[in-house]
There are 2 protein chains.
Amino acid sequence: MPNKTYHHGNLSAELVLQAIQLLESEGLEALSLRRVAKETGVSQAAPYSHFKDKKALMSAVAIEGYRRFELKMRKGTERESHYIIGLGMGYVMFALENPALFSLMFSGERVNFTEVDNNSHAFSTSYALLLNAVKEDPLVQFGKEKPEFDSMFLWSLVHGLAKLILAKRIQGADFAYESDESLVRALLEKYLVV
Amino acid sequence: MPNKTYHHGNLSAELVLQAIQLLESEGLEALSLRRVAKETGVSQAAPYSHFKDKKALMSAVAIEGYRRFELKMRKGTERESHYIIGLGMGYVMFALENPALFSLMFSGERVNFTEVDNNSHAFSTSYALLLNAVKEDPLVQFGKEKPEFDSMFLWSLVHGLAKLILAKRIQGADFAYESDESLVRALLEKYLVV
DNA sequence: CGCGCAATCTTAACGCTGTCAAGATATACT
DNA sequence: AGTATATCTTGACAGCGTTAAGATTGCGCG
């Protein structure tokens, strides 16, 4: 309920949402504190009542990002034949569908990871999804002696894939796939499933 | 031979070197055109005689980065029992030893990849190293039917590993290793060598 | 050799950015 | 009701990327 009162009533939450909107519509580079403030209809210095820094606001944005990220991965596992494939597809597809947000979430220059972890469990629960997957799913070919190793391996793989596709260093078209998505699926199925 | 003449004589090359120096000493965020110019002892607008943009200078920096990157990976293969392991270690260790430069090299916001590829073969030859490795080295466990797939897989893995270690999302200490390097080695040996 | 042209560099200015200090305004509590 | 506190605005600062105008230099051509 944002009224035209002097006090906004809900600023900190709305700043985060506006930031995400700006992020998707105009990209990471265009995301300035002043733009976010203006778009929210508030003065340039207003955010400083809620966030000590630009980095603090960005961290809040990252937290919301991790929340959506976890959701996406959970949904990925639903209609999928293999749990692991669903997770991996969820991971990469989130990155491809929310490129700027994903970049922000893993950008140490813009986000204070300690702050993120102190104020949210979204990141660690996302990781727990991976860890559980490699513990439970019998389709993973790497054995069960060291599940932490396997999850780290999996994580690095999908993270690198996402990053390289976003950087256009890997493209589905280069391998005669109709989309990046189908390339990713083929890759995951080849290397993760027996 | 940079004299105190009005004309510098070697500006474009020296700007690139100064940029790399600033990158390593003060990080990605501190790397401004004006800082680079000042450090080189030249006016703020001088770089515009050699680069049309900040992005153009950054692309030149990235090219030099890829050149060193390739060298590092080649050296990695020398004293190593397995070619693939050497390459992978070279990849990740370059990232850990030159964090800011590595970030820049893969940052689509700061670097124009098309410009990089048009003015240098360093990137593609780096990739060719990987491709050759998976073609030749019999120790890779993924078969030889689709080497392009295997190299993409390998690339994503090491890239993700590097990124996540830089973001402190993966740390050797978490697994009781004395360094990130030994964790990476253990991981690569487990998943890449039969 | 000298003259002019083109390359190179400087100075000055523009609008943008993050941040802070001072003060205005509204809400909450006693 | 009145005061303390949280919230927001205005105005300012230095630093950023970029451009325009002009100064300085080196090079090629007569």
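The sections below set out a description of the structure shown in this document.

**Remarks on the overall build of chain A**
In terms of helices and strands, chain A carries 9 helices and 0 strands. Taken from the N to the C terminus, the helices and strands of chain A come in the order α-α-α-α-α-α-α-α-α. Taking the principal axes of its C-alpha atoms as reference, chain A extends roughly 60 × 35 × 30 Å. Taken across its 194 residues, chain A has 52% of its residues classed as buried. Sequence-distant contacts, at least 24 apart, represent 65% of the contacts inside chain A between residues at least 6 apart. On chain A, roughly 9400 Å² of surface is accessible, and the fraction owed to carbon and sulfur atoms is 50%.

**What about the layout of surface pockets?**
Within this model, the largest pocket holds a volume of roughly 1200 Å³. Lining the largest pocket we find 46 residues, and of these Ser107, Glu109 and Lys163 of chain A together with Glu109 and Lys163 of chain B sit closest to its centre. Contributing elements (two or more residues each) for the lining of the largest pocket: α5 (99-105), α6 (113-119) and α8 (147-166) of chain A together with α1 (11-26), α5 (99-105), α6 (113-119) and α8 (147-166) of chain B. If you tally residues by element for the lining of the largest pocket, the top one is α8 of chain A, at 4 residues. Its residues assigned to classes, the lining of the largest pocket comprises 19 nonpolar, 13 polar and 14 charged. Considered as a void within the structure, the second largest pocket measures approximately 290 Å³ in volume. Surrounding the second largest pocket, Leu28, Glu29, Leu31, Lys54, Lys55, Met58, Glu109 and Arg110 of chain A together with Glu29, Glu109 and Arg110 of chain B form its lining. Of the residues that constitute the lining of the second largest pocket, the class distribution is 3 nonpolar, no polar and 8 charged.

**Brief notes about the environment of leucine 188 of chain B**
Residue and element names in this part refer to chain B. Of note, leucine 188 is situated in helix α9 (residues 180-192). Take leucine 188: its relative accessible area is 0%, and that puts it in the buried class. Sequence separation of leucine 188 and isoleucine 84 is 104 residues, and the distance between their C-alpha atoms is 8.8 Å. In contact with leucine 188, not counting residues within four places along its chain, are Ile85, Gly88, Met89, Leu157, Val158, Leu161 and Val193.

**A closer look at the interface of chain A and chain B**
Facing the 36 residues of chain A at the interface are 36 residues of chain B. Taking both sides of the interface into account, the surface hidden between chain A and chain B amounts to around 3500 Å²; carbon and sulfur atoms contribute 69%. Taken together, the connections running from chain A to chain B amount to 6 salt bridges. Put simply, glutamate 109 of chain A and arginine 110 of chain B hold a salt bridge, and the shortest N to O gap is 2.5 Å. Put simply, chain A and chain B have 10 residue pairs in polar contact (both at pLDDT 80 or more) between them. Listed by contribution, the elements that provide at least two residues to the side of chain A that touches chain B are α6, α8 and α9 (180-192) of chain A. The biggest single contributor to the side of chain A that touches chain B is α8 of chain A, with 13 residues.

**Considering the packing of aromatic side chains**
All names here are of chain A. Within the structure shown, the criterion is met by 25 aromatic pairs over all chains. Centroid distance phenylalanine 123 to tryptophan 155: 5.8 Å. Interplanar angle 50 degrees. Geometry classified as tilted. On the criterion of sequence distance, the pair formed by phenylalanine 123 in helix α7 (residues 122-136) and tryptophan 155 in helix α8 is long-range, its members being 32 residues apart. When its relative accessible area of 12% is taken as the criterion, phenylalanine 123 is described as buried.

**Observations concerning the protein's contact with DNA strand D**
Every one of the 24 residues lining DNA strand D counts as a neighbour, but His8, Ser43, Gln44 and His50 of chain A together with Arg34 of chain B are closest to it. What you see for DNA strand D is that sugar and phosphate hold 53% of its atoms within 4 Å of the protein. Between DNA strand D and glutamine 44 of chain A, the relevant distance is 2.5 Å, taken from a base oxygen to a side-chain nitrogen or oxygen of the residue. Between DNA strand D and lysine 54 of chain B, the relevant distance is 2.9 Å, taken from a phosphate oxygen to a main-chain nitrogen or oxygen of the residue. Element by element, the count of residues in the surface near DNA strand D is highest for helix α2 (residues 33-40) of chain B, at 3 residues. Split into classes, the residues belonging to the surface near DNA strand D amount to 9 nonpolar, 10 polar and 5 charged.

**Some points on empty space enclosed by the protein**
Tallying each qualifying case throughout the model produces 2 cavities of 30 Å³ or more. Within this model, the largest cavity holds a volume of roughly 60 Å³. Together, Phe69, Met73, Tyr91, Phe106, Phe123, Ser126, Tyr127, Leu130 and Trp155 of chain B line the largest cavity. A per-element tally of the lining of the largest cavity places helix α7 (residues 122-136) of chain B first, with 4 residues. Looking at the lining of the largest cavity residue by residue, the class counts come to 8 nonpolar, 1 polar and no charged. Space inside the second largest cavity adds up to approximately 50 Å³. As for the second largest cavity, its lining consists of Phe69, Met73, Tyr91, Phe106, Phe123, Ser126, Tyr127, Leu130 and Trp155 of chain A.

Calculation notes
Throughout, a residue's number is its position along its own chain's written sequence, starting from 1. For naming, the first written chain is A and the first written ligand is 1, with later ones following in the order written. A pLDDT threshold of at least 70 governs which residues receive local features in this predicted model, and a stricter bar of 80 or more applies before side-chain atom pairs are shown or counted, although totals over entire chains, interfaces and linings include all residues. Excluding hydrogens and water, the side-chain values take into account all heavy atoms of the structure. By definition, any uninterrupted DSSP run of H or I lasting at least four residues is a helix, any uninterrupted run of E lasting at least two residues is a strand, and each is numbered from the N terminus. To sort residues, take the accessible area from a 1.4 Å probe on protein chains only and compare it with the maximum for the residue type: under 20% means buried, over 50% means exposed, and anything in between is partly exposed. Here a residue-residue contact requires only that any non-hydrogen atoms of the pair lie within 4.5 Å. Only the protein chains shown count as cover for residues, with accessible areas throughout obtained via the Shrake-Rupley method and a probe of 1.4 Å. Buriedness for pockets is judged along seven lines, at least five of which must meet protein on both sides within 12 Å for an open set on the 1 Å grid over protein atoms alone, while cavities are sets there where a 1.4 Å probe fits but cannot get out, and lining residues have an atom within 4 Å of a point. Grid points are joined across faces, edges and corners, and a volume is the space filled by probe spheres set on the points. We call Asp, Glu, Lys and Arg charged. Ala, Val, Leu, Ile, Met, Phe, Trp, Tyr, Cys and Pro are nonpolar, and the rest, Gly among them, are polar. A 1.4 Å probe defines the accessible area here, and the buried area is the portion of it lost by two parts on being joined, summed over both. One speaks of a salt bridge when a side-chain nitrogen belonging to Lys or Arg is within 4 Å of a carboxyl oxygen belonging to Asp or Glu. Polar contacts, as counted here, are pairs of nitrogen or oxygen atoms within 3.5 Å of one another; within protein the pair requires one atom able to donate a hydrogen and one able to accept it, and residues that are adjacent in sequence qualify only if both atoms are side-chain atoms. Aromatic rings from Phe, Tyr and Trp, with only the six-membered ring used for Trp, were paired whenever their centres fell within 6.5 Å, and each pair was classed as stacked if the ring planes differed by under 30 degrees, edge-to-face if by over 60, and tilted otherwise. Any residue with a heavy atom positioned within 4 Å of a molecule or strand is treated as near that molecule or strand.

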